[in-house]
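Next come the chains, spelled out residue by residue.
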Amino acid sequence: MSTQNKRYRRPRWHISQFKVKEEAGKVRFHDLFLPIALMRAIQEVGYQYCSPIQAMTLPYSLDGHDCIGKAQTGTGKTAAFLITVITDLLEHKLEEQYVGEPRALILAPTRELALQIEEDARALTKYSRLKVAAVVGGMDFDKQQKQLTEQRCDILVATPGRLIDFMNRKAVFLDQVELLVIDEADRMLDMGFIPDIKTIVRATPRTEDRQTLMFSATFSQDILNLTDRWTNDPVRIEVEPKVKTSDQVEQHVYLVSADEKYDVLRRIVKQDDADRVMVFANRRDIVRDLSEKLKADGVACQVLSGDVPQNKRIRTLDGFKEGKFGVLVATDVAGRGIHVDGVSHVINFTLPEDAEDYVHRIGRTGRAGKKGVSISFACEDDSFQIPAIEEYIKRKIDLEQLPDYLLKDGLFAPKAEPEVAPEETSVESESAPEEAAVESAAAAEQAPEAEAEVEAPAEPEQPVAEEDAPKAEEKPAEKPAAAAKPKAGGEQAELALESAAAEPVGEVTEVTVDETEDGPEITVEVFVAEDETETENEEDQEKAPKA
Ligand code: AMP
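All values derive from a computational prediction rather than experimental measurement.

Draft legend 1. Quick peek at the overall build of the protein chain. Counting secondary structure elements, the protein chain contains 18 helices and 17 strands. In the protein chain, which comprises 547 residues, the share counted as buried stands at 56%. Partitioning the intrachain contacts of the protein chain with sequence separation of at least 6 by distance along the chain shows that 78% fall at a separation of at least 24. Counting every atom, the protein chain has about 25,600 Å² of accessible surface; 48% of that belongs to carbon and sulfur.

Have a look at this one:
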């Protein structure tokens, strides 16, 4: 054979190259009998042991059960559903598959989250032939359409609005979906996406003919009603994080009048030690206004809010990471998933309406072992939010008078090293705002357009009318029956129980298993220091042997 015809194969990889020692109370990915291509990818991303949500979910989800998981970001829930999806698709190969017909659909409420899931899915499918695509609002429509209509797509990650656009254009058909994942269901509800999700779910096979995994940070009655409708006899898994605000963050809440706020902000960002600052405000118009004023005062800053086009948001975030400008002014929706190291200060120009966002905001600083400062402004209006925040963080907030150096321009903070707030702030995720969810459930039935100035989900930009979308190949006459999968055996349940003490992403404090009429209900209480997971994971990645 001539060298030209020779097919070069990737060097073979053997599971023996991925060594993780058995440890009591921890579940290794090796214990779950995952496909080799997936194990290789898991090794490469640096995971060794399952996080509690993974250890609790995977034994059931890999057995084909529907699962509803109460878990927040930071628990490893993305990998929990991706590993399920990838394993299932690799184990049940299809003879025929047509373009525009994804086998797994993952719905996420925001572009940022969808793109993060897409990235994780690409990493975990790196050594398989599975194809991943993402359709999200505000990004290149044609490119996304091509992904759907010109090649096979196994795993489709989507935000609801853009997916419906493609469904209407007949660029995507959901009747072959074998696995449906609905991530952050509570946020979908808050953001008014439920009518869209209903349309999407209706286009997929019936609950008995697909596997459905739903994740939500809260299980309000509204969410439970939806899980009843969209899942079939689900196993319910709860990982209760007691989120801790980082003790690396020195927290201040200053009493200021509304009129004083801007001047104080300007003085803070002009301090020498304020080299990377995130300023949060509750509304887009405030964010825009602040950014304009700061620019006029010679401060290099940019805006991140739902009305900034997606590609600009990505550029802005990259610029901030690279230190091209020092101040980023953001709303909560835009600022939530942002992970930028080296943020020296977080300023709450207005206190958030949702107490949980207070913890998310200040968690943007004090990361990767570095100290950070959070400064919140409390004027008369903001003070209404304080009791809810205190209740949420289980700690009294001391309202401070402005220090001298913030009263006048040109003065500088005393040089002394600030003391790190000694008190631990424990937060039960239970206190998530259920009322808001109920309110928004009603709102969800209306058009999802929020008031112009209130932060709302960035909805997909409508594409300019184009000629008819290229037709996907003709669809097969009959849908292949979904592969029958066995029920979870006792062994798997035991494995789940053992895993209770597994703690790669948090320390387990309590596990309960209740046998209910609807099947086993497992609750794991796990202690997660905010953002600790990422740091750990980064360390893990460094340590992980490269395949
Ligand atoms: P998520 O909750 O899905 O946003 O994941 C939080 C972080 O945990 C991400 O950075 C993941 O890469 C990481 N992660 C997920 N599973 C594991 C694991 N088993 N071991 C270590 N890190 C993990």
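Draft legend 2. View of the pattern of salt bridges. Under the counting rule described, the total for this entry stands at 20 salt bridges. Between Lys21 and Glu23 there is a salt bridge whose closest N-O contact spans 3.8 Å. When its relative accessible area of 61% is taken as the criterion, Lys21 is described as exposed. Judged by its relative accessible area of 32%, Glu23 is partly exposed. The partner of Arg266 in a salt bridge is Asp263, with the nearest N and O atoms 2.9 Å apart. Here Arg266 pairs with Asp263, and both are found in helix 10 (residues 261-269), just three residues apart, close to one helical turn. Judged by relative accessible area, Asp263 falls into the partly exposed class, the value being 30%. By sharing partners, the salt bridges in this structure join Lys21, Glu23 and Lys26 into a single network.

Draft legend 3. Spotlight on the site of the ligand. The ligand sits among 12 residues. The nearest are Tyr47, Gln54, Gly74, Gly76 and Thr78. Within the backbone of Tyr49, one N or O atom sits 2.8 Å away from a nitrogen atom of the ligand. A distance of 2.6 Å separates an oxygen atom of the ligand from a polar atom in the side chain of Thr78. Protein chains bury 86% of the 500 Å² of accessible surface belonging to the ligand in isolation. Its residues placed into classes, the shell around the ligand shows three nonpolar, eight polar and one charged.

Draft legend 4. Main features of the packing of helix 2 (residues 52-61) against helix 3 (residues 77-91). Where helix 2 meets helix 3, the axes come as close as 9 Å, and the angle between the chain directions of the two elements is 20°. With respect to helix 3, the element helix 2 is oriented roughly parallel. Note on packing geometry: the crossing formed by helix 2 with helix 3 is right-handed. Note on element contacts: helix 3 touches helix 2 through Lys77, Ala79, Ala80, Ile83 and Thr84, opposite Ile53, Gln54, Leu58 and Ser61. Grouping the constituent residues of the contact of helix 2 with helix 3 by class yields five nonpolar, three polar and one charged.

Draft legend 5. Spotlight on the sheet that holds strand 11 (residues 327-330). What the seven strands build is an open sheet, ordered 10-11-9-12-13-8-14; its pairing is parallel. Each of the sheet's edge strands pairs with one partner strand only, and the pair in question is strand 10 (301-304) and strand 14 (399-400). Contacts from helix 14 (residues 355-362) reach strand 8 (249-255), strand 9 (277-280), strand 12 (345-348) and strand 13 (372-378), with the element oriented near 155° to strand 12.

Draft legend 6. Looking closely at the pairing of strand 12. Alternating positions in strand 12 separate into two faces, His345 and Ile347 on one and Val346 and Asn348 on the other, with burial throughout. The pairing of strand 9 with strand 12 spans four bridges and is parallel. Bridge assignment links Phe280 to a residue of strand 12, and that residue is Asn348. Direction of pairing for strand 12 relative to strand 13: parallel, over a ladder of four bridges. Pairing of Val346 across the sheet is with Ser374, part of strand 13.

Draft legend 7. Just the UniProt feature "domain: DEAD-box RNA helicase Q" (unreviewed entry) in the protein chain, in detail. Summarizing the sequence annotation, UniProt attributes the feature "domain: DEAD-box RNA helicase Q" (unreviewed entry) to residues 27-55 in the numbering used throughout. What you have in residues 27-55 is 48% helix and 0% strand, and the ends, taken at the C-alpha atoms, are 6 Å apart.

Draft legend 8. Examining the environment of Ala41 more closely. By secondary structure assignment, the location of Ala41 is in helix 1 (residues 36-45). What makes Ala41 buried here is its relative accessible area of 1%. Considering only alpha carbons, one finds Ala41 and Lys126, 85 residues apart in sequence, at a separation of 6.3 Å. Setting aside residues up to four positions removed in sequence, Ala41 forms contacts with Ala123, Leu124 and Tyr127.

Draft legend 9. Examining the nonpolar core more closely. Within the largest apolar cluster, 53 residues are counted, with the highest numbers of intra-cluster contacts made by Phe29, Ile42, Ile83 and Leu124. At eight residues, the largest contribution of residues to this core is made by helix 3. Leu124 has contacts with Leu38, Ala41, Ile42, Val45, Leu82, Ile83 and Ile86, leaving out every residue within four places of it along the chain.

Draft legend 10. Main features of the packing of aromatic side chains. In this structure the tally under the stated criterion is five aromatic pairs. Measuring from ring centre to ring centre gives 4.5 Å for Phe141 and Phe166, while their planes differ by 20°; the resulting arrangement is stacked. Within this pair, whereas Phe141 is found in helix 5 (residues 141-150), its partner Phe166 is found in helix 6 (residues 160-168), the two being separated by 25 residues in sequence. The exposure class assigned to Phe141 is buried, which follows from its relative accessible area of 7%. It is Arg40 that lies over the ring of Tyr127; its NZ or CZ is 3.9 Å from the centre. Against the face of Phe320 rests Arg276, its NZ or CZ located 6.0 Å from the ring centre.

Draft legend 11. Structural context of the packing of helix 14 against helix 15 (residues 386-393). As a packed pair, helix 14 and helix 15 sit with axes 8 Å apart at the nearest point and diverge in direction by 70°. As far as their axial angle goes, helix 15 and helix 14 are roughly perpendicular. Crossing hand, helix 14 versus helix 15: right-handed. Contacts from Ala355, Glu356, Tyr358 and Val359 in helix 14 reach Ala388, Ile389, Tyr392 and Ile393 in helix 15. Residues that form the contact of helix 14 with helix 15 fall into these classes: seven nonpolar, no polar and one charged.

Procedures and definitions
- Residues numbered from 1 in each chain as written.
- Predicted model: local features only at pLDDT ≥ 70, side-chain atom pairs only at ≥ 80, totals over all residues.
- Heavy atoms only, no water.
- Helix = DSSP H or I, 4+ residues; strand = E, 2+ residues; numbered from the N terminus.
- Buried < 20%, exposed > 50% of the residue type's maximum accessible area, 1.4 Å probe, protein only.
- Contact = heavy atoms within 4.5 Å.
- Areas by Shrake-Rupley, 256 points an atom, 1.4 Å probe, with all protein chains shown as cover.
- Salt bridge = Lys/Arg side-chain N within 4 Å of Asp/Glu carboxyl O.
- Near = heavy atom within 4 Å.
- Polar contact = N/O pair within 3.5 Å; in protein donor to acceptor, adjacent residues only side chain to side chain.
- Nonpolar A, V, L, I, M, F, W, Y, C, P; charged D, E, K, R; others polar.
- Axes fitted to C-alpha atoms, helices over the stretch in contact; angles between N-to-C directions.
- Parallel < 35°, antiparallel > 145°, perpendicular 65-115°, else oblique.
- Left-handed = near helix turned anticlockwise from the far one by under 90°.
- Pairing = 2+ DSSP bridges.
- UniProt positions renumbered as here; feature names shortened; annotations may be inferred.
- Core = buried A, V, L, I, M, F, W, Y, C linked by side-chain atoms within 4.5 Å.
- Phe/Tyr/Trp six-rings, centres within 6.5 Å; stacked < 30°, edge-to-face > 60°.
- Lys NZ or Arg CZ within 6 Å of the ring centre and 35° of its normal.

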